[in-house]
Amino acid sequence: MKTKKAKKIKIVIVDVDGVLTDGTIGYGNYNDDYRRFHVQDGFGFVLLSKAGIKSAIITSKTSKAVQRRAKELKINMVCQKTDKKLIVFNKILKKYKLKSEQACYIGDDLLDLAVLNVAGFAVTVPQACDDIQHCVDYVTAKDAGYGAVREAIEFILKAQNKWDDLVKKYS
Ligand SMILES: [Mg+2]
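Predicted, not measured: the structure shown is a model, and the values here were computed from it.

Conventions we followed
Positions within a chain are numbered from 1, following the residues in the order the chain's sequence is written. Residue-level local features of this predicted model are given only where pLDDT is at least 70; pairs of side-chain atoms are given and counted only at 80 or more, and the full residue set underlies all totals for whole chains, interfaces and linings. The basis for every side-chain value is the complete set of heavy atoms in the structure, and neither hydrogens nor water enter the calculation. Burial classes: relative accessible area under 20% of the type maximum marks a residue as buried, over 50% as exposed, and values in between as partly exposed (1.4 Å probe, protein chains only). By definition, any uninterrupted DSSP run of H or I lasting at least four residues is a helix, any uninterrupted run of E lasting at least two residues is a strand, and each is numbered from the N terminus. Handedness of a crossover: with both strands directed away from the viewer, a clockwise path from the first strand across the helix to the second marks it as right-handed. To define a nonpolar core, start from buried Ala, Val, Leu, Ile, Met, Phe, Trp, Tyr and Cys residues and group those joined through side-chain atoms within 4.5 Å. Contacts between residues were defined by any pair of non-hydrogen atoms, one from each residue, lying within 4.5 Å. Strands were regarded as paired on the criterion that DSSP finds at least two bridges between them. Counted as donors are N, O and S atoms no farther than 2.8 Å from the metal, or 3.2 Å for Na, K and Ca; water is not among the atoms, and sites may therefore look incomplete. Throughout, the protein atoms alone are placed on a 1 Å grid, and a set of points is a cavity if a 1.4 Å probe fits but cannot get out or a pocket if it is open with protein on both sides within 12 Å along at least five of seven lines; lining residues have an atom within 4 Å of a point. Grid points are joined across faces, edges and corners, and a volume is the space filled by probe spheres set on the points. For this classification, Asp, Glu, Lys and Arg are treated as charged, while Ala, Val, Leu, Ile, Met, Phe, Trp, Tyr, Cys and Pro are nonpolar and the rest, including Gly, are polar. Throughout this description, a polar contact denotes any pair of N or O atoms lying within 3.5 Å of each other; where both atoms belong to protein, one of them has to be capable of donating a hydrogen while the other can accept it, and for residues adjacent in sequence the pair is counted only when both atoms sit in side chains.

**Student:** Please clarify how the pairing of strand β1 (residues 11-14) should be interpreted in this entry.
**Tutor:** Here is the key point about a regular strand: its side chains alternate between the two faces of the sheet. Burial along β1 is two-sided: the residues Ile11 and Ile13 and Val12 and Val14 are all buried. In the classification by handedness, the crossover that spans β1, the intervening helix α2 (residues 39-50) and the parallel strand β2 (residues 54-58) is right-handed.

**Student:** In this structure, what is going on with the nonpolar core? I would like to understand it.
**Tutor:** Side chains of a nonpolar character, in soluble globular proteins, are inclined to be buried together. Formed by 31 residues in total, the largest nonpolar core has its most connected members in Val12, Ile106, Phe121 and Leu157. When near neighbours in sequence (up to four residues on either side) are disregarded, Leu157 contacts Leu47, Leu48, Ala51, Ile53, Lys162, Trp163 and Leu166. In this structure, Ile13, Ile58, Val136 and Ala148 belong to the second largest nonpolar core, which totals 23 residues.

**Student:** Which parts of the structure should I look at to understand the pairing of strand β5 (residues 121-124)?
**Tutor:** Of the two faces of β5, the one holding Phe121 and Val123 and the one holding Ala122 and Thr124 are both buried throughout. Where strand β4 (residues 103-106) lies against β5, three bridges are found, and the strand directions are parallel. Within β5, the residue paired with Ile106 across the bridge is Val123. Handedness of the crossover is the feature at issue here: the chain leaves β4, passes through helix α5 (residues 113-118), returns alongside β5, and the resulting connection is right-handed. In this fold, the crossover linking β5 to strand β6 (residues 138-139) by way of helix α6 (residues 130-135) has right-handed handedness.

**Student:** Whenever I open this one, the coordination of the magnesium ion confuses me. Can you help?
**Tutor:** For a metal bound by four donors in tetrahedral geometry, the ideal donor-metal-donor angle is 109.5 degrees, whereas six donors in octahedral geometry ideally sit at 90 or 180 degrees. Ligation of the magnesium ion by protein atoms is provided by Asp15 (OD), Asp17 (O) and Asp108 (OD), these donors lying 2.0 to 2.2 Å from the ion. The sequence pattern describing where the donors of the magnesium ion fall on their chain is D-x1-D-x90-D. Within this pair, whereas Asp15 is found in the loop between β1 and α2, its partner Asp108 is found in the loop between β4 and α5, the two being separated by 93 residues in sequence. The burial state of Asp15 is the same as that of Asp108; both residues are buried.

**Student:** Before we go on, may I ask you to explain the layout of surface pockets in this structure?
**Tutor:** To locate leftover empty space, one rolls a probe as large as a water molecule over the atoms. For the largest pocket, the calculated volume is near 160 Å³. In terms of lining residues, the largest pocket is bounded by Asp15, Asp17, Thr59, Ser60, Lys61, Lys85, Asp108, Asp109, Leu111 and Asp112. Residue composition of the lining of the largest pocket, by class: one nonpolar, two polar and seven charged.

**Student:** Just to check I follow, could you spell out the side chain of Ser63 for this structure?
**Tutor:** By the element assignment, Ser63 lies in the loop between β2 and α3 (64-72). A polar atom in the side chain of Ser63 sits 3.1 Å from the backbone nitrogen of Ala65. Setting aside its immediate chain neighbours within four residues, Ser63 contacts Asp32, Asp33, Arg35 and Gln80.

Right, here's the structure in full:
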């Protein structure tokens, strides 16, 4: 079932805090919050773009670190400071002329619930709250901020038979 859903995916949209990060936010002496990203999650976005799959970020916070990281990874769209994630999700789909069943969404908390309920392939992390874990298609084995996003991306690429070709490019 989840493989069948993953086969249709043409865009991967992710939350940041508690998905791309371990959920901690560092507060120091400067205005911008500190974030720590996993390099393998990052390279997952590079692999997605090589496979012709788009990517986007939807986050309720605003962070220059997130903007910088997304730019480095050539993530197609970054939508920050949004509590109404479903509205933004639908706008992204409209922009790329995609249907919800063609979108994978990865989120970890109640702000993500409405999007997870409509996304074609709904993914969460082991640290997500129970209500989230119960409504998704796939819970990653890897932890948030430690390769969970990469795991989901690999699952999609393998379901679409694109993984082996990507590995060949690097061997
Ligand atoms: Mg989150």
